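Residue strings, one per chain:
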Amino acid sequence: MERLRFVFWALLALLVLSSGVLAQDLREIEKILEKIDAQSRFDDQDFSALMTMIVEDPEKGIEKMVVRQFRRDDGRRFLLLIQEPSTQKGQGYLLEGENLWFYDPSSRKFAHTSLKETFQDSDARNADFNQWTYSSSYQVEGYQEDVLGKFQVYLIDLEAVDETVPFPFVRLWVTQDSHLVLKSEEYSLTRRLMRSSLFPKYAQVGGALIPTQLILVDELVEGKKTQIALSEISVSKIPDHVFTKSYVERVSR
Amino acid sequence: MRILLTIAWRNIRENKVKTTIIGLIMVIGIMVLVVGNSLMDTATAGIERYYTKNYTGHLMITGSTRGKLTLFGFQDMTGMEQAVPRIPEYEEVLEFARSLSYVETLNPQVSTTVMVSQDDEILMGTQLFGIIPELYQEMFPDNLELVSGDFWDAGSGGVLLNQRLSDHLEKRHQVSLKPGDKLVFTSVSTHSGMKIREVEVTGIFRFKQSNPQLDMLSLMDVSNVRSLAGMVVGHTTAAELSSEEQLFLGSIDEDSLFDTSDSLFSELEVVDVESDEDYWYSLLGEGGSLDTLNSEDGGAWQYLLVRLRDEKYLKQAQTDFARFFRDNNIAAQTSNWLQGAGALAEMSYGIKRIFNGVVLVIAVVAVIIIMNTLVIAVTERMGEIGTMRAIGAQKGFVRKMVLLETLLLSGLSGLVGIILGAAVLLILNTVGLEASNVFFEIIFGGKVLRPELSFSSVVLSLAVIVIVGVLSSTYPASVVMRTSPLKAMESRGG
């Protein structure tokens with residue numbers, strides 16, 4: 001009887017201890033997510049770049065898009081202006097806080113769209129051009145240690161707590177030392193793999209560490225993927241009027 | 001033969017009770033067959049008439065595709081991969097169609113799906129048919145009723161909004177639309193990027209006969225629909241890629257992508273952006289060619305609907321068009337009205353097949369009951385037949401007598417059944433069977449079904465009468481023939 005009582009208390013203690021350790025670990029992972037968000041954010045600077053998007057489609061072949069990106073993370077604003085192809089030239093996506101507008105220069109009209117929507121015919125979502133918000137939009141479901149290529153990584157499973165994100169479940173491969181996201185898998189509500197994203201190149205720009213090359217693989221259409229490369233990166237001050245509808249209208253004329 | 005007929009008629013008259021019971025069963029059975037089949041035939045013809053007369057014509061010409069293309073766009077996964085193709089060499093196709101003597105009218109269309117918004121508020125999604133009002137009304141002169149306003153004037157644009165949609169807007173969004181109001185339409189195509197058009201509502205209409213799919217449909221000038229569907233003059237030229245851009249084409253090996261930790265960071269030059277105004281307003285260069293590239297492709301059509309002078313020319317038309325496309329190397333195809341009508345028409349056909357199955361089961365049961373009753377009636381007369389054989393009647397004589405008697409009875413009952421069935425159908429035709437819900441509306445091909453006596457149901461019933469008569473007399477007659485006259489007479493005595 002004495003022995004039995006000992007085993008019971010020992011098991012209970014182990015359970016309490018292990019849950020405490022797990023909670024401690026999850027808090028560590030949450031801190032890593034906060035760091036990921038913070039190091040990809042331009043807090044006191046504006047950000048602009050030229051994005052070259054190569055869309056590979058087994059049906060349509062290869063298409064190239066050139067998009068000018070402007071970001072002001074402080075006010076949660078961005079502007080995407082399409083330069084190429086010529087049929088889409090002048091189309092723009094303007095984010096003003098919670099509102100994302102699409103501009104069509106052929107009708108000179110704006111229409112509401114959402115961050116969840118696909119960007120043109122690529123595999124990117126509009127949200128991909130906004131600042132990362134893993135720590136506030138997702139909660140940690142679990143994690144484990146893993147290896148990706150030569151990198152020791154944390155494999156972190158996330159569940160969305162924010163309805164505005166394009167994917168309700170995400171799995172991240174994050175380097176253990178520098179906390180860079182190397183890969184992510186994005187899942188639907190039924191946990192079907194929708195997209196895999198790879199981030200093979202990073203660059204230090206101002207105070208931020210941002211991926212300069214992205215490969216977005218469509219997991220539903222075999223052979224479809226989009227690669228995005230950033231160039232002409234700048235952290236110079238962008239005039240306030242650039243993040244306005246009137247600028248988008250004027251620049252497209 | 002006359003003697004046989006006399007004997008058969010005498011037997012039928014003398015066994016009044018038996019004749020009445022057997023006759024009644026046959027009358028009901030045949031009546032069920034006539035009414036059931038006529039109902040199904042009327043509904044089938046109704047759906048076909050309903051669609052060919054009001055929405056599809058007899059034939060739909062489109063660009064070649066392996067997908068399931070309907071007037072409402074692709075109704076399978078093909079829609080995710082490609083846009084609805086344009087009809088290549090449209091002018092040539094049109095000229096050929098006009099040259100065919102059995103072609104009555106032609107109506108070209110363009111179709112797309114859009115979101116409707118007003119004052120920055122997204123209101124609903126809808127399907128648009130881009131049409132030329134004169135050609136549309138020439139092919140479908142009586143399919144819609146204008147609730148307010150009218151079609152747009154020739155040379156200008158506009159949208160004729162479905163009343164169901166305007167009612168929906170009023171109920172859900174408290175938006176009361178009238179001619180002259182403007183709505184913003186945003187295309188949701190993944191193939192041509194987003195397109196926006198602000199279009200004036202020139203009128204509100206309702207289809208005289210509708211279904212949930214057609215309730216979602218509004219009519220718009222073709223020019224705006226072409227732009228929304230991405231049917232613009234400009235097209236994307238083949239992308240020229242640098243060697244660096246080609247690096248990640250094809251399949252990707254994730255491990256080799258992350259095989260050295262040194263390669264993760266790239267040296268990028270951070271540039272300074274000029275601050276003068278000119279720089280910011282000249283980012284996209286000259287926009288002069290933009291409008292030209294984005295202007296609608298004026299000769300482009302996705303569908304050419306063909307109404308024939310008579311449905312009997314359908315096969316000939318399909319053959320002629322197929323030969324024309326092949327000879328002229330035009331990547332186009334024809335589909336019949338059912339393929340063009342979309343999911344709901346196909347669904348109603350599917351449901352009808354199930355109903356046909358149910359009618360068939362009822363018919364088989366009726367036939368079995370009739371045969372069984374006749375078999376019992378003949379075997380009951382074994383003693384009588386044995387006596388006839390004993391006083392010199394030949395096997396053939398007896399067999400013919402039984403056959404004639406059965407055919408006479410089933411023939412008379414069948415005729416009464418057909419007449420009664422026709423009477424029931426006449427009543428139903430006068431009263432009209434009202435569809436109590438959308439499900440029956442789809443099956444009936446409209447709100448009311450007025451069934452008519454169908455020729456095929458009469459032919460089928462007559463065939464059943466003859467087959468049942470022959471089968472149900474052959475078996476008992478052969479049983480009787482195998483029995484010796486003495487044994488047969490004994491059974492009468494027993």
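See the structure above.
Quantities reported herein were computed from a predicted structural model and do not represent experimental measurements.

Criteria and cut-off values
- Residues numbered from 1 in each chain as written.
- Chains lettered and ligands numbered in written order.
- Predicted model: local features only at pLDDT ≥ 70, side-chain atom pairs only at ≥ 80, totals over all residues.
- Heavy atoms only, no water.
- Helix = DSSP H or I, 4+ residues; strand = E, 2+ residues; numbered from the N terminus.
- Buried < 20%, exposed > 50% of the residue type's maximum accessible area, 1.4 Å probe, protein only.
- Contact = heavy atoms within 4.5 Å.
- Buried area = accessible area lost by both parts, 1.4 Å probe.
- Salt bridge = Lys/Arg side-chain N within 4 Å of Asp/Glu carboxyl O.
- Expected span 1.5 Å × (residues − 1).
- Patch = residues over 30% accessible without salt bridge, like charges linked within 9 Å, V, L, I, M, F, W, Y side chains within 5 Å.
- Areas by Shrake-Rupley, 256 points an atom, 1.4 Å probe, with all protein chains shown as cover.
- Pairing = 2+ DSSP bridges.
- Phe/Tyr/Trp six-rings, centres within 6.5 Å; stacked < 30°, edge-to-face > 60°.
- Core = buried A, V, L, I, M, F, W, Y, C linked by side-chain atoms within 4.5 Å.
- Arc of directions from axis to C-beta.

A. Structural detail: the overall build of chain A. A tally of regular secondary structure across chain A gives three helices and 13 strands. In chain A, which comprises 253 residues, the proportion classed as buried is 55%. Long-range pairs, those at least 24 residues apart, make up 45% of the contacts in chain A with a sequence separation of at least 6.

B. Summary view of the interface of chain B and chain A. Taken together, the contacts link 55 residues of chain B with 72 residues of chain A. Summing the contributions of chain B and of chain A, the shared interface buries around 5,700 Å²; its carbon and sulfur component is 62%. When residues of chain B are sorted by the area they lose upon contact with chain A, Phe258, Tyr281 and Leu284 of chain B head the list and together hold 14% of the total. The tally of links between chain B and chain A comes to three salt bridges.

C. Helix H2 (residues 16–56) of chain B, seen in detail. With 41 residues, H2 of chain B should reach 60 Å at 1.5 Å per residue; the first-to-last C-alpha distance of 57 Å fits that figure. Looking at the residues trailing H2 of chain B, positive phi occurs at Gly57 of chain B, about 70°.

D. View of a nonpolar patch on the surface. All names here are of chain B. Taken together, Leu24, Ile28, Val32, Ile354, Val358 and Ile362 make up a surface patch of nonpolar side chains, about 530 Å² in accessible area. At the level of elements, H2 and helix H14 (343–379) are the ones that each hand at least two residues to the nonpolar patch. Mapped onto the elements of the fold, Val32 is located in helix H2. Take Val32: its relative accessible area is 35%, and that puts it in the partly exposed class.

E. Quick look at unusual backbone geometry. All names here are of chain A. With omega at 5°, the peptide bond leading from Glu84 into Pro85 counts as cis. Its location among the elements puts Pro85 in the loop between strand S3 (77–84) and strand S4 (92–96). Positive phi outside glycine occurs at Arg108, with the angle close to 55°. Along the chain, Arg108 falls in the loop between strand S5 (99–104) and strand S6 (109–113).

F. Quick look at the pairing of strand S2 (residues 61–72) of chain A. All names here are of chain A. In the sheet, strand S1 (residues 47–57) pairs with S2 via 11 bridges, with the strands oriented antiparallel. Residue pairing for S2: Thr52 is matched across the bridge by Val66. Pairing between S2 and S3: seven bridges, direction antiparallel. Of the residues in S3, the one forming a bridge with Phe70 is Leu79. Linkage of S2 to S3, two consecutive antiparallel strands, is achieved through a turn of four residues, within which Arg76 is found at a positive phi near 50°.

G. Geometry of the packing of aromatic side chains. Applying the stated rule across the entire model yields 26 aromatic pairs over all chains. The interplanar angle of 70° and the centroid separation of 6.1 Å between the aromatic rings of Tyr143 of chain A and Tyr154 of chain A together place this pair among those described as edge-to-face. Taken as a pair, Tyr143 of chain A in strand S7 (residues 138–148) and Tyr154 of chain A in strand S8 (residues 151–160) lie far apart in primary sequence, 11 residues in all. Residues Phe72 of chain B and Phe129 of chain B carry aromatic rings whose centres are separated by 5.6 Å and whose planes lie at 40° to one another, so their mutual orientation is tilted. Remark: Phe129 of chain B occurs in strand S5 (residues 121–131) and Phe72 of chain B occurs in the loop between strand S2 (69–70) and strand S3 (73–74); sequence separation between them is 57 residues.

H. Up close: the nonpolar core. In terms of nonpolar packing, the biggest core is built from 66 residues, with Phe119 and Tyr134 of chain A touching the most fellow members. Beyond its immediate chain neighbours, meaning those up to four positions away, Phe119 of chain A contacts Met53, Met65, Val67, Leu80, Ile82, Tyr93, Ala124, Arg125, Asn126 and Phe129 of chain A. Counting residues in each nonpolar core, the second largest holds 47 residues, with Val93, Val103, Val114 and Ala229 of chain B among its members.

I. Molecular detail of helix H1 (residues 2–14) of chain B. Residue and element names in this part refer to chain B. Helix length check: H1, at 13 residues, gives a terminal C-alpha distance of 18 Å against a target of 18 Å (1.5 Å per residue), a fit within 8%. Taken as a whole, H1 has its buried residues at Leu4, Ile7, Ala8, Asn11 and Ile12. Down the axis of H1, the buried side of the element spans an arc of 135°, and every buried residue falls inside it. Of the exposed residues in H1, the ones pointing more than 90 degrees away from its buried face are Arg2, Ile3 and Glu14.

J. Representation of the pattern of salt bridges within the structure. Residue and element names in this part refer to chain A. Under the counting rule described, the total for this entry stands at 22 salt bridges over all chains. The partner of Arg68 in a salt bridge is Glu232, with the nearest N and O atoms 3.2 Å apart. Residue Arg68 is located in strand S2, and its partner Glu232 is located in strand S13 (residues 225–234); the two are separated by 164 residues in the primary sequence. What makes Glu232 partly exposed here is its relative accessible area of 40%. Through salt bridges that share partners, Asp46, Arg72, Lys237 and Asp240 make up one connected network.

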